[in-house]
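Coordinate inspection notes
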Amino acid sequence: MSIVDSATTGLPPLMAPYTNKIRSGLLLLPGVVGFVFAFRTCITIIGFQQEPQQGTAVSVVLSLALLALAVLSTIGGKPSIPAACFRTSTLYWCGALLGLALASLGWSEAPFVAAAGYWASWAADVATIWFLLRGDIGEERAAAVMKGYVWGACCVAILAWALPANADMRLGDEDFLHPNALGFLFSIATFLAIHLTRQRPIWRLSALFLATTLLRTISKSAIGGFLVAFCFYLIWDSTLSRAVRVRIGIVAGVILASLGGVLGAYFSNYTVGTDPETLTGRTFIWAVSLEYASEKPLLGYGLYSYRFIVPPFGKFEAQEAHNELLQQFFAYGAVGVILTIGLYWMFFRQIRRAPRSPLKNLAASLLIFALVRGLTDTQTFDLSFPLWLMTMLSILLAIPADHSEQSAMLPPPGLQEDAYAH
């Protein structure tokens, strides 16, 4: 975060340390929120392998606790982001999708407690971000969430490297820390780390570590989506010089060469295998999922119902349809497909209308990643573009450029009068 001094705040020099301390306190909670959002991926494998349901329950409780803290953090504060930024079309469509998911609990084929818990966690994450940004120094809180998320992802990456590799040479654990979940986490965290390098170059190390770990997960959908989105990022970002692009290419080549043996062996087996998680088996999952989904084409089977409807594919039990729109069609029918397409379209329009900025490049890259990854994989109850992250970026993109510049010149609301009183 930027350091607040007398030159930027207009405060006496002796007040700058006091103001910085207050800002640090305000940014602690957002950092913790980002860290938990990433680190909870490995909660089950750390302490709940014997009782996975308890790990899920802990994750839900954490989401609700963070929401409560975020609400409390707004008490007595004055929002630094204009109120209109919290009423974007993207946010309305996010609310509509969450509303449909909530209503689907009434007809979901999943156990009510489990489905309701997942919905509560999902909605709490979105609400947590909404309240955090409505507090003091909202833009700085958003950056703190990104930093916390990158730190959390790095901790998960360290754990993944420490675990024994799977039989197919991928990082993670097939039961409690799936390589595809890791690939999804590391892809998003890498883009956030790249964005943060504009504040401090030290974040390049995190981006390099996360990108390398992403490749080692051999999560095909995540890697494919990341590569397409990252190429767009390099082309679209006019601030990157040719020398920087060349260095990035050299580093990428070195990483690929070092992992060439493992990647080559894996993909040679992948392209000829018939396992449900291979290229051939994935099409079979789609066919079966579509067949079941067509039986309830309007409203689907409800939230978190896939694993309770579709039988296992041999030894493999699919948790979702491995396609974004097909999963939404299965869970919420044609209404869910319309809401998903509409949400992505509204967010795309907001990105397109936003003035050129690093934040716009980040949002566009993440959108491309989500769309490409969504062709062959998705989440159990969220989108390939997490709703909490889309909510945060939608609010930030709606902030007028002149307002951001003026906010950077002021101390946190409520401190100005106290500072001068001293």
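Residues numbered from 1 in each chain as written. Predicted model: local features only at pLDDT ≥ 70, side-chain atom pairs only at ≥ 80, totals over all residues. Heavy atoms only, no water.

1. Here's the deal with the overall build of the chain
Put simply, the rule is: A run of H or I in DSSP becomes a helix once it reaches four residues, and a run of E becomes a strand once it reaches two; helices and strands are each numbered from the N terminus. For every residue, the accessible area (1.4 Å probe, protein chains only) is compared with the maximum for its type, and the residue is labelled buried under 20%, exposed over 50%, or partly exposed between those bounds. Residue contacts are defined here by distance: any two heavy atoms, one from each residue, within 4.5 Å place the two residues in contact. All accessible-area figures derive from a Shrake-Rupley calculation using a 1.4 Å probe, and residue coverage is judged against the displayed protein chains alone.
Scanning the chain for helices and strands turns up 19 helices and zero strands. Every one of the 422 residues in the chain was classed for burial, and the buried ones make up 51%. Across the chain, the fraction of contacts at a sequence separation of at least 24, relative to all contacts at a separation of at least 6, is 78%. Carbon and sulfur atoms make up 68% of the accessible area of the chain, which amounts to about 18,800 Å² in all.

2. Comments concerning the side chain of T88
Mapping T88 onto the fold places it in the loop between α4 (52-73) and α5 (89-103). Apart from residues no more than four positions distant in its own chain, T88 is found in contact with Q350, S394 and A398.

3. Comments concerning helix α16 (residues 358-373)
Convention followed: Each residue after the first adds 1.5 Å to the expected span of a helix.
With 16 residues, α16 should cover 22 Å at 1.5 Å per step; its first-to-last C-alpha distance of 22 Å lies within 8% of that length. Burial within α16 is extensive, with twelve of its 16 residues counted as buried. Every buried residue of α16 is accounted for by L359, K360, N361, L362, A363, A364, S365, L366, L367, F369, A370 and R373. Looking at the buried residues of α16, the elements they touch are α7 (138-162), α8 (179-196), α10 (220-236), α15 (324-353) and α17 (387-397).

4. Focus on the side chain of T74
Where we set the bar: Distance and chemistry together define a polar contact, namely a pair of N or O atoms within 3.5 Å, with one atom able to donate a hydrogen and the other to accept it when in protein, and with adjacent residues in sequence counting only for side-chain atoms on both sides.
Tracing the sequence through the fold places T74 in the loop between α4 and α5. Engagement of the side chain of T74 in a polar contact is seen with the backbone oxygen of V71, the distance being 2.7 Å.

5. Topic: the packing of α5 against helix α6 (residues 112-133)
Quick reminder of the rule: For helices, the axis comes from a line fit to the C-alpha atoms of the stretch in contact; other axes are also lines fit to C-alpha atoms, and the angle between any two N-to-C directions lies between 0 and 180 degrees. Our angle categories are set so that under 35 degrees counts as roughly parallel, over 145 as roughly antiparallel, 65 to 115 as roughly perpendicular, and the remainder as oblique. The crossing is said to be left-handed when, going from far helix to near helix, the turn is anticlockwise and less than a right angle, and right-handed when the turn is clockwise.
Closest axis-to-axis distance for the α5/α6 pair is 10 Å, and the angle between their directions is 160 degrees. Accordingly, the angle class assigned to the pair α5 and α6 is roughly antiparallel. For the pair α5 and α6, the sense of crossing is left-handed. Side by side, α5 and α6 meet where L91, L97, L98, A101 and L102 of the first sit next to W119, W122, A123, V126 and W130 of the second.

6. A few points about the confidence of the model for the chain
We apply this condition: Predictor confidence is given residue by residue as pLDDT, running from a minimum of 0 to a maximum of 100.
Looking at the chain as a whole, the pLDDT averages 84, with 79% of positions reaching at least 70. With pLDDT under 50 throughout, residues 1-19 is counted as low confidence; its partners more than four residues away or in other chains account for 38 contacts. Under a pLDDT of 50 for its full length, residues 407-422 has, in the predicted model, 28 contacts with residues more than four places off or in other chains.

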